[in-house]
2 protein chains.
Amino acid sequence: MSRYFGTMSRHPERDQIRIESVLSALGSPVRLAAVRVLDAGGEHNCTSVLELLGITAKSTMTHHWRVLRESGVIWQHPSGRENLLSLRRDDLDARYPGLLDAVLAGAAEDAALENASASAPAGPRGRSRT
Amino acid sequence: MSRYFGTMSRHPERDQIRIESVLSALGSPVRLAAVRVLDAGGEHNCTSVLELLGITAKSTMTHHWRVLRESGVIWQHPSGRENLLSLRRDDLDARYPGLLDAVLAGAAEDAALENASASAPAGPRGRSRT
DNA sequence: TTGATTGTTCGGCAATCCACGTACAGTCGA
DNA sequence: TCGACTGTACGTGGATTGCCGAACAATCAA
């Protein structure tokens, strides 16, 4: 009743979740990064994630939150003047066992790979460090 | 050398594959369906999949093949006058263990769910038949 | 060589997506 | 009550995407 979040609170039920929506929601660098933040920490609000990601404008993030929310990847519920975010891990695991873990592990590996090649400018083939 | 597939044969190396590209490639109904066909059968050419999917124009499929190819999801190599398609299962499994299986299983479940609700027009909750 | 087949390339068009600034609506602290 | 703060709503511009028809290139069969 309170708050003006008119369109905001549209979360799909567990059975309404569709894998193409989930995949295309996660198939964006910004959103994937946001999901990784949510996976790593406990509860975040919008700005805390926004600051961790470094860049974007608030209204841009609102857009991404909506995509993640409407695809069933995150919960977003108001608390006080903030909007708390969390992964819908249980729902995703129930519908698509192993998917989220595989994605997060893969994203972590990609990030590591990216860092490695960034710190070894000349040799992308680098066997550097261990 | 042969064939005129100028831009065609751009496949990323295994290490070049990025998970966001894979996810956004799979996050489209048409492409996900195409991948499911490739997973089910052996080797297909473009039109065979196109016909199985029922609908689209050839040039549209060419577009989707390119997205799948450039994201590292499929191999596409010319043989005679056809263009044979196959899943890059080994590469994907190597880079993102469990991902492809989770996606395919999820897609299958989604499809089953969709069929169930389609064949039970009145009652989506339907325990109908068996 | 001629014709059929396969699938690409090249535009064009509509729809969607992304990022942004601005305005505004609740909530909280002083 | 008056700001400060959080985050949404809305509109816009630019880029990307999806789908298509038409033309063409390579191969194969006759």
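Rules behind the numbers
Residues numbered from 1 in each chain as written. Chains lettered and ligands numbered in written order. Predicted model: local features only at pLDDT ≥ 70, side-chain atom pairs only at ≥ 80, totals over all residues. Heavy atoms only, no water. Salt bridge = Lys/Arg side-chain N within 4 Å of Asp/Glu carboxyl O. Helix = DSSP H or I, 4+ residues; strand = E, 2+ residues; numbered from the N terminus. Buried < 20%, exposed > 50% of the residue type's maximum accessible area, 1.4 Å probe, protein only. Phe/Tyr/Trp six-rings, centres within 6.5 Å; stacked < 30°, edge-to-face > 60°. Lys NZ or Arg CZ within 6 Å of the ring centre and 35° of its normal. Contact = heavy atoms within 4.5 Å. Buried area = accessible area lost by both parts, 1.4 Å probe. Polar contact = N/O pair within 3.5 Å; in protein donor to acceptor, adjacent residues only side chain to side chain. Nonpolar A, V, L, I, M, F, W, Y, C, P; charged D, E, K, R; others polar. Least-squares fit on C-alpha atoms with pLDDT ≥ 70 in both. Pairing = 2+ DSSP bridges. Axes fitted to C-alpha atoms, helices over the stretch in contact; angles between N-to-C directions. Left-handed = near helix turned anticlockwise from the far one by under 90°. pLDDT = per-residue confidence, 0-100.

Undergrad: What is the right way to look at the pattern of salt bridges in this model?
TA: Residue and element names in this part refer to chain A. By the definition in use, this model includes 16 salt bridges over all chains. The closest approach of N and O atoms between arginine 14 and aspartate 91, which form a salt bridge, is 2.5 Å. Of the two residues, arginine 14 is situated in the segment before helix H1 (19-26) and aspartate 91 in helix H5 (residues 89-95); the sequence distance between them amounts to 77 residues. Look at arginine 14 and you get partly exposed, because its relative accessible area is 34%. Accessibility expressed as a relative area gives 7% for aspartate 91, which makes it buried. For aspartate 91, the salt bridge goes to arginine 88, with nearest N and O atoms at 3.1 Å. In this pair, the class of aspartate 91 matches that of arginine 88, namely buried. Salt bridges here are not isolated pairs; linked through shared partners, they connect Asp39, Arg89, Asp93 and Asp101.

Undergrad: Looking at this model, I keep getting lost on the packing of aromatic side chains. Mind explaining?
TA: Each aromatic ring pair is described using two quantities: the centre-to-centre distance and the angle formed by the ring planes. On inspection of all chains with the given rule, the structure shows 0 aromatic pairs over all chains. Cation over ring: B:Arg88 sits above B:Trp75, and NZ or CZ is 3.8 Å from the ring centre.

Undergrad: Can you walk me through the interface of chain A and chain B in this structure?
TA: Where interface size is given, it is often the accessible area lost as the parts come together that is meant. Taken residue by residue, the interface counts 24 residues in chain A and 24 residues in chain B. By the criterion of area lost to chain B, the three top residues of chain A are A:Glu20, A:Leu23 and A:Asp110, representing 25% of everything that side buries. Between B:Glu109 and A:Arg95 there is a salt bridge, and its shortest N-O distance comes to 3.3 Å. Run the count over chain A and chain B and you get 10 residue pairs in polar contact (both at pLDDT 80 or more). Elements supplying a minimum of two residues to the side of chain A that touches chain B: H1, helix H2 (29-40) and helix H6 (99-119) of chain A. For the side of chain A that touches chain B, the per-class residue count stands at 13 nonpolar, 4 polar and 7 charged.

Undergrad: Just checking my understanding: could you explain the relation of the copies chain A and chain B for this structure?
TA: Two chain copies here: they are related by a rotation about an axis and a translation along the same axis. For the match of chain A to chain B, the screw axis carries a shift of 0.0 Å, the RMSD comes to 0.0 Å, and the turn is 180°. When the rotation and shift are considered jointly, the pair of chain copies conforms to a two-fold rotation axis.

Undergrad: Could you clarify how one ought to interpret the sheet that holds strand S2 (residues 74-79) of chain B in this entry?
TA: By definition, the strands of a sheet pair up through backbone hydrogen bonds, in either a parallel or an antiparallel sense. Spatially, the 3 strands line up as an open sheet ordered S1-S3-S2 (chain B), and their pairing is antiparallel. With one partner strand each, in any of the chains shown, strand S1 (44-45) and S2 of chain B form the two edges of the open sheet.

Undergrad: Would you explain the environment of A:Leu68 in this entry?
TA: Note on placement: A:Leu68 falls in helix H4 (residues 58-70). The contact partners of A:Leu68, leaving out residues within four places of it in the chain, are A:Ala25, A:Leu26, A:Arg31, A:Val35, A:Val73 and A:Ile74.

Undergrad: I would appreciate a short explanation of the packing of helix H2 (residues 29-40) of chain B against helix H3 (residues 46-53) of chain B in the present structure.
TA: If you want to describe how two helices pack, look at the angle between their axes and the distance between the axes. All names here are of chain B. Running from amino to carboxyl end, H2 crosses H3 at an angle of 115°, the nearest separation of the two axes being 10 Å. As H2 runs across H3, the sense of the crossing is right-handed. Seen from H2, the contacting residues are Val30, Ala33, Ala34, Val37 and Leu38; seen from H3, they are Val49, Leu52 and Leu53. Of the residues that constitute the contact of H2 with H3, the class distribution is 8 nonpolar, no polar and no charged.

Undergrad: Before we go on, may I ask you to explain the side chain of A:Gln76 in this structure?
TA: Tracing the sequence through the fold places A:Gln76 in strand S2 (residues 74-79). At a separation of 2.6 Å, a polar atom in the side chain of A:Gln76 contacts the side chain of A:Arg69.

Undergrad: Can you walk me through the confidence of the model for chain A in this structure?
TA: Interpreting fine coordinate detail is not advised for predicted regions of low pLDDT. Averaged over every residue, the pLDDT of chain A is 87; residues scoring 70 or more account for 84%. Of the regions scoring below 50 in pLDDT, residues 123-130 of chain A engages in 0 contacts with residues more than four places distant in sequence or in other chains.

Undergrad: Before we go on, may I ask you to explain the sheet that holds strand S3 (residues 82-87) of chain A in this structure?
TA: Residue and element names in this part refer to chain A. Taken in spatial order, the 3 strands of this open sheet run S1-S3-S2, and their pairing is antiparallel. Each end of this open sheet is capped by a strand with a single partner; those strands are strand S1 (44-45) and S2. Across the sheet, H2 touches S1, S2 and S3, and the angle it forms with S3 is around 85°. Sitting on the sheet, H4 is in contact with S2 and S3, with an inclination near 120° to S2.

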